[in-house]
Amino acid sequence: MTDSGTGGVRLDEPAVIGRRVLRLRTELGLTQRQLAEPAYTPAYVSTLESGKVRPSEAALRHLAERLGVTAEELATGRPARLAAELRLRLTDARRALATGAPEDAATLFRELCAEAVEHALPGEQATALLGLGECLLESGDLDDAHECFTSVERLLADEPLPRRVPAIRGRANAHRLTGELRYACHLLETALDQLNASGLHDPDALLLLYSASIAPYMDMGAHERAAHAAELALALAPRVDDPALLAGMHRGVARTLIAQGRIAEADASLAKAQELYRQLHIRTELAHCHWMRGYVHAQDGDLERAENELRTAHDMLTAKRAALFAEQVEVELADVLRRRGKVREAAALLRPLLATGKETAGTAETAEATEIPALRAGRGAVHVGAAHRLLGLIAEECGDTQAAEEHYRAALPLLAGAGAAGDVAGLCCLLGDLLRRTGRTEAAMDAYRTGLAHRATPGTTTLGPAPAPPPM
């Protein structure tokens, strides 16, 4: 049951409220008559304290005033202003995530989540879990991040869809980083269709979804669909005031402009995003802007500026302890270093990312160390595929065709499994050329055919119908 006199919150059961009234009255040394008069009778207070009647709004206000508490505290047991104080501390935790290490912010979000659970504040619990999920994305704990976002959606299942959109976006990001590009697109497109079909034309929610869909579209090679999402996002922008949402939109739009060869416009869009993130002191997103500007300069052939921007991004992400993103930047930095002739430095950067490390598995009694690579399928699959591709190119340039082929073949299932069709097509071309040069013509033809099949599919057979655009 809810009560408008207590802010629409859920009231405790009558027996619980009755015991609370009895405890507070006894602590204050009041008789039932003193508590009841002049509006109520001692018999009514006695009936209420025994849990046989649910107090009305007016009764709650009267009793709360006499007992020195708020009506909400009397009805729910929560200390006065608790929800407001929790929200303030959640804002502090988000600031800690923006400016500091994700592990430190995650500790704050976990503490706040536990308090929200203790005091039955599902809205604040959802906010804490959403922040925790973002922390886990930064540190590369993708499975745990996914679970956080899923929990937020469950908590807000009865809320309007726009309230659940940040969690849907978070879950889609976790799937994209895992390498499940198609499913990331499916989540975002389903939410867009539901919003538009239901008439819930919330500009903030729509902008968040359209901006978030650009990255998986681009990774899949669905450039036309990404460009269409960017157009819709730009059309929504005048109706949105949140600077963080607008910055994310500018960053997403820049990716589509790069693909279209509109380098100067892409750089201008990134500059807008960068300025907004700088004003908001969101260091991870600011690092992403440096990362993407490095990519812009690399596409434009200005490799020195590209290297500088990528090193800046890497330093910022390393300082933030955003491990997964820092490793991904290292792959792109290695590409620029190779193109600049710094082949040994590029290889030295890539090999540790694919090298195995120790991870403990099992119970305390049966624990044993297993070998895992820093980047792998399920954790940055697109970038680990790119790392293998780069090492293949380096090996080929050094005359080691066997090592080159091994790296190309290692990259193929990673990129194909992620649905990165454009990257698979390019990689098949490299493998086919290598096989043809070493006299294996039939195998080369098979590689070319595989590449052509992937080149024909981006954004068509790999994806369903595009989501309907919102009414503007």
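On a predicted model such as this, the values are computed, not experimentally measured, just so you know.

**Student:** Help me understand the overall build of the chain in this model?
**Tutor:** Secondary structure assignment for the chain yields 23 helices and 4 strands. When each of the 472 residues of the chain is scored for burial, the buried share is 50%. A sequence separation of at least 24 residues applies to 59% of the contacts in the chain between residues at least 6 apart. Counting every atom, the chain has about 21700 Å² of accessible surface; 52% of that belongs to carbon and sulfur.

**Student:** How should helix H17 (residues 303-320) be read in this particular structure?
**Tutor:** Owing to its 3.6 residues per turn, the α-helix brings residues three or four apart onto one side. With 18 residues, H17 should reach 26 Å at 1.5 Å per residue; the first-to-last C-alpha distance of 25 Å fits that figure. Within the sequence span of H17, burial applies to Leu303, Ala306, Glu307, Glu309, Leu310, Ala313, His314, Met316, Leu317 and Lys320. As for H17, its buried residues are in contact with helix H6 (82-99), helix H7 (102-118), helix H8 (122-139), helix H16 (283-299) and helix H18 (323-339). Just downstream of H17 lies Arg321, where phi reads positive at about 60°.

**Student:** In this structure, what is going on with the packing of aromatic side chains? I would like to understand it.
**Tutor:** Centre distance and the angle of the planes are the two values used to describe a pair of aromatic rings. Counted by the stated rule, this structure contains 1 aromatic pair. Where Tyr40 meets Tyr44, the ring centres are 5.1 Å apart and the plane angle is 25°; that geometry is what we call stacked.

**Student:** Help me out: how do you make sense of the pattern of salt bridges in this one?
**Tutor:** Think of it this way: side chains of opposite charge can pair up when their charged atoms draw near. Taken as a whole and judged by the stated rule, the model has 34 salt bridges. For Glu159, the salt bridge goes to Arg163, with nearest N and O atoms at 3.9 Å. Taking the relative accessible area as the measure of exposure, Arg163 reaches 40% and is therefore partly exposed. Of the charged contacts in the structure, one is a salt bridge between Arg305 and Asp302, with a shortest N-O distance of 3.9 Å.

Analysis parameters
Residues numbered from 1 in each chain as written. Predicted model: local features only at pLDDT ≥ 70, side-chain atom pairs only at ≥ 80, totals over all residues. Heavy atoms only, no water. Helix = DSSP H or I, 4+ residues; strand = E, 2+ residues; numbered from the N terminus. Buried < 20%, exposed > 50% of the residue type's maximum accessible area, 1.4 Å probe, protein only. Contact = heavy atoms within 4.5 Å. Areas by Shrake-Rupley, 256 points an atom, 1.4 Å probe, with all protein chains shown as cover. Expected span 1.5 Å × (residues − 1). Phe/Tyr/Trp six-rings, centres within 6.5 Å; stacked < 30°, edge-to-face > 60°. Salt bridge = Lys/Arg side-chain N within 4 Å of Asp/Glu carboxyl O.

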